[in-house]
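# Observations on chain architecture
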Amino acid sequence: MTRELMKRTVCAKSIFELWGHGKSAEELYTSLKNYPVERMLPYLQSDSTYKIGIHTFNKTLTQVEKIRKIDALEFLPFGGKVNLKKPEHVFWILEDYGMDPNNIPEDPLHLYFGRWIADGQRELIESYSVKRRHFIGNTSMDACLSFIMANHARVKANDVVFDPFVGTGGLLISAAHFGAYVYGTDIDYNTIHGLGKASRKNQKWRGPDENIRANLRQYGLEKYYLDALVSDASTPIWRKGMLFDAVITDPPYGIREATRRTGSQKEISKSTEKSTENHVFVSSNYHLSDIFFDLLKFSAEYLVMGGRLVYWLPIYRPEYTEEIIPQHPCLKLISNCEQMLSSHTSRRLLTMEKVKEFKDQDQYSHLLDSQYMPYKGHNSFRDKYFSGVTKRIAKEEDDNQK
């Protein structure tokens, strides 16, 4: 179970079975001598091989110092042979020298010794980095956060995962990495078709093969790509039924990407947009509260039972209470994690699980909810966000004048 967990996580570097710890070498040795021998012996047999490594935080040791510290553990009943290339069992000394690189103590603040069990997947953050991705946009999701969201959704092989605000497909990539088939929609015609201005520095226009499919092809995941369509999240295009194992998305907040939905023909004279291929559609404002209620309603209707919705909710921190988190009778809140954006704003990573089959009477359940009015506060997030930015700039200017 532990090794399976480490095959997924990007948040942990390694996991160990702790045998001893202390605030000094003497305390560590005493702790090790008190560790039950019967728990050590399976890994110290005469017919086994092992190696001992040492890792320091905030300090670099010479090879002589490392060997001296390893030799000091000779009191442990190692019966096997040392094998530095392919050992059966690996042990580590971990030394913590604090967080201040300008004030490194002579001796470690904490010492640990244990048996290595498994490494996490931290290397995925680098190998899937947005910096080297073929097709990106202004709001392409960070690779680490994308994998965290896929894990919250419990994405697994052969799942069907959907992103209704797909953008450049960053969330689809992490889901496809775990073997899920991925699908997305977005109201932005140019983004879906890889047209228009580029988001990269020193590049004016997007290239001929900058699109979501090319992103998955870059990582050898194209076989998991189902499609991406131009579609309005406020008016689902799907036949009735439970279609998706997970819905993973990052809705627009109105900061770097506009919040839009399809308008009526009456609005055509007020708001007409044209793409580079004369594609014309009518769009109107899409309030944040409506975005989240449509998202929850869609997930309640189209997720399989036990399927998960994972999405980001922008928050103005001085006014935050748990009551403003959107709810739906078919969905149960599983987790609520905060990522700070500024001193006054943050966003919450919300994970919800479908626990009840969707009925027609659930379609407008939020309108009957006595807590509906507090949710409307999400609509002013953009104004509150920029009011904080304006105040910060004014303060910096005042400080510079003093």
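Residues numbered from 1 in each chain as written. Predicted model: local features only at pLDDT ≥ 70, side-chain atom pairs only at ≥ 80, totals over all residues. Heavy atoms only, no water.

## A short note on the overall build of the protein
Across its full length, the protein holds 12 helices and 15 strands. Looking at the 402 residues of the protein, the share that counts as buried comes to 47%. Taking contacts inside the protein between residues at least 6 apart in sequence as the whole, the part at least 24 apart equals 71%. Accessible area for the protein stands at about 22100 Å²; split by element, carbon and sulfur atoms hold 51% of it. (Helix = DSSP H or I, 4+ residues; strand = E, 2+ residues; numbered from the N terminus. Buried < 20%, exposed > 50% of the residue type's maximum accessible area, 1.4 Å probe, protein only. Contact = heavy atoms within 4.5 Å. Areas by Shrake-Rupley, 256 points an atom, 1.4 Å probe, with all protein chains shown as cover.)

## Comments concerning the state of the cysteines
What we call a disulfide is simply a covalent bond connecting the sulfur atoms of a pair of cysteines. Per the stated rule, a full pass over the model turns up 0 disulfides. The thiol sulfur of Cys 144 is not disulfide-bonded, and the nearest other cysteine sulfur, from Cys 11, lies at 5.4 Å. (Disulfide = S-S within 2.5 Å.)

## With respect to the sheet that holds strand 13 (residues 303-316)
Across the sheet, which stays open at both edges, the 7 strands sit in the order 8-7-6-9-13-15-14 with mixed pairing between neighbours. Whereas interior strands pair on both sides, the edge strands pair on one side only; in this sheet they are strand 8 (225-230) and strand 14 (331-340). Strand-to-strand twist in this sheet, taken as the mean axis angle between neighbours without regard to direction, amounts to 15°. In this structure, strand 6 (residues 160-163) lies alongside strand 9 (residues 244-249), joined through 2 bridges in parallel fashion. Residue pairing across strands places Val 161 opposite Ala 246, the latter belonging to strand 9. Strands strand 6, strand 7 (181-186) and strand 9 of the sheet are contacted by helix 7 (residues 170-177), whose axis makes an angle of about 170° with strand 7. On top of the sheet, helix 10 (residues 288-302) reaches strand 6, strand 9, strand 13, strand 14 and strand 15 (345-354); it is set at about 170° to strand 13, its chief contact. (Pairing = 2+ DSSP bridges. Axes fitted to C-alpha atoms, helices over the stretch in contact; angles between N-to-C directions.)

## Some details on the pattern of salt bridges
Pairing is possible between side chains of opposite charge, provided their charged atoms come close. Per the stated rule, a full pass over the model turns up 13 salt bridges. Between Lys 69 and Glu 95 there is a salt bridge, and its shortest N-O distance comes to 3.1 Å. Of the two residues, Lys 69 is situated in helix 4 (residues 63-71) and Glu 95 in strand 4 (residues 89-96); the sequence distance between them amounts to 26 residues. For the residue pair Lys 69 and Glu 95, the accessibility class agrees, reading buried in each case. The partner of Glu 338 in a salt bridge is Arg 348, with the nearest N and O atoms 3.8 Å apart. Here the residue Glu 338 occupies a position in strand 14, and Arg 348 occupies one in strand 15, the gap between them amounting to 10 residues. A residue is classified by how much of its surface remains accessible, and Arg 348, at 13% relative accessible area, is buried. The network of salt bridges with shared partners includes Asp 209, Arg 213, Arg 217 and Glu 222. (Salt bridge = Lys/Arg side-chain N within 4 Å of Asp/Glu carboxyl O.)

## Examining the packing of aromatic side chains
Tallied over the entire structure, the rule returns 22 aromatic pairs. Seen in terms of ring centroids, Tyr 128 and Phe 147 are 5.2 Å apart; in terms of plane orientation they differ by 75°. Their pairing is edge-to-face. Of the two residues, Tyr 128 is situated in the loop between helix 5 (123-127) and helix 6 (143-152) and Phe 147 in helix 6; the sequence distance between them amounts to 19 residues. Phe 147 shares its class with Tyr 128; the two are buried. One aromatic cluster in this structure is built from Trp 19, Tyr 35, Tyr 43, Tyr 50, Phe 78, Phe 91 and Phe 113. Looking at Arg 8, its charged tip hangs above the ring of Phe 178, at a distance of 3.7 Å from the centre. The ring of Trp 312 carries Arg 347 above its face, with NZ or CZ at 4.2 Å from the centroid. (Phe/Tyr/Trp six-rings, centres within 6.5 Å; stacked < 30°, edge-to-face > 60°. Lys NZ or Arg CZ within 6 Å of the ring centre and 35° of its normal.)

## Points about the packing of helix 6 against helix 7
Put simply, helix 6 and helix 7 touch, their axes get as near as 8 Å, and they point 55° apart. With respect to their mutual orientation, helix 6 and helix 7 come out oblique. Between helix 6 and helix 7 lies a crossing of right-handed hand. Mapping the contact onto sequence places Ser 146, Phe 147, Met 149 and Ala 150 in helix 6 and Gly 170, Leu 171, Ser 174, Ala 175 and His 177 in helix 7. (Parallel < 35°, antiparallel > 145°, perpendicular 65-115°, else oblique. Left-handed = near helix turned anticlockwise from the far one by under 90°.)

## Regarding the pairing of strand 15
In regular strands, side chains alternate between the two faces of the sheet. The buried fraction of strand 15 is high, at 10 of 10 residues. Here strand 15 shows no split at all, with Thr 345, Arg 347, Leu 349, Thr 351 and Glu 353 on one side and Ser 346, Arg 348, Leu 350, Met 352 and Lys 354 on the other all buried. The pairing of strand 13 with strand 15 spans 9 bridges and is classified as antiparallel. When the bridges of strand 15 are listed, Tyr 316 appears paired with Thr 345. Across 9 bridges, the pairing between strand 14 and strand 15 is antiparallel.

## Looking at the nonpolar core
Of all hydrophobic cores here, the largest spans 38 residues; its most connected members are Val 155 and Ile 212. Of all the secondary-structure elements, those providing two or more residues to this core are helix 6, helix 7, helix 9 (212-218), strand 8, strand 9 and strand 13. Take this core: its biggest share by element is 7 residues, from helix 6. Not counting residues up to four positions away in its chain, the partners in contact with Ile 212 are Phe 135, Val 166, Gly 167, Thr 168, Gly 169, Leu 172, Ile 192, Tyr 225 and Ala 228. (Core = buried A, V, L, I, M, F, W, Y, C linked by side-chain atoms within 4.5 Å.)

## Some words on the environment of Gln 45
By the secondary structure assignment, Gln 45 is in the loop between helix 3 (37-40) and strand 2 (49-57). For Gln 45 and Gly 80, which are 35 residues apart along the polypeptide, the C-alpha to C-alpha distance reads 5.5 Å. Not counting chain neighbours up to four residues away, the residues in contact with Gln 45 comprise Gly 79 and Gly 80.

## Concerning the environment of Arg 348
In this structure the C-alpha to C-alpha distance between Arg 348 and Ile 325, which are 23 residues apart in sequence, comes to 9.3 Å. With sequence-adjacent residues up to four places away left out, Arg 348 is seen in contact with Tyr 311, Trp 312, Leu 313, Ile 315, Tyr 320, Asn 336, Cys 337 and Glu 338.

## What to know about the confidence of the model for the protein
Residues at a pLDDT of 70 or more form 82% of the protein, whose mean pLDDT is 86. Counted against residues more than four places away or in other chains, residues 267-278, with its pLDDT under 50, gives 21 contacts. Overall, residues 370-374 carries pLDDT values under 50, and its contacts beyond four positions in sequence, including any with other chains, amount to 7 contacts. (pLDDT = per-residue confidence, 0-100.)

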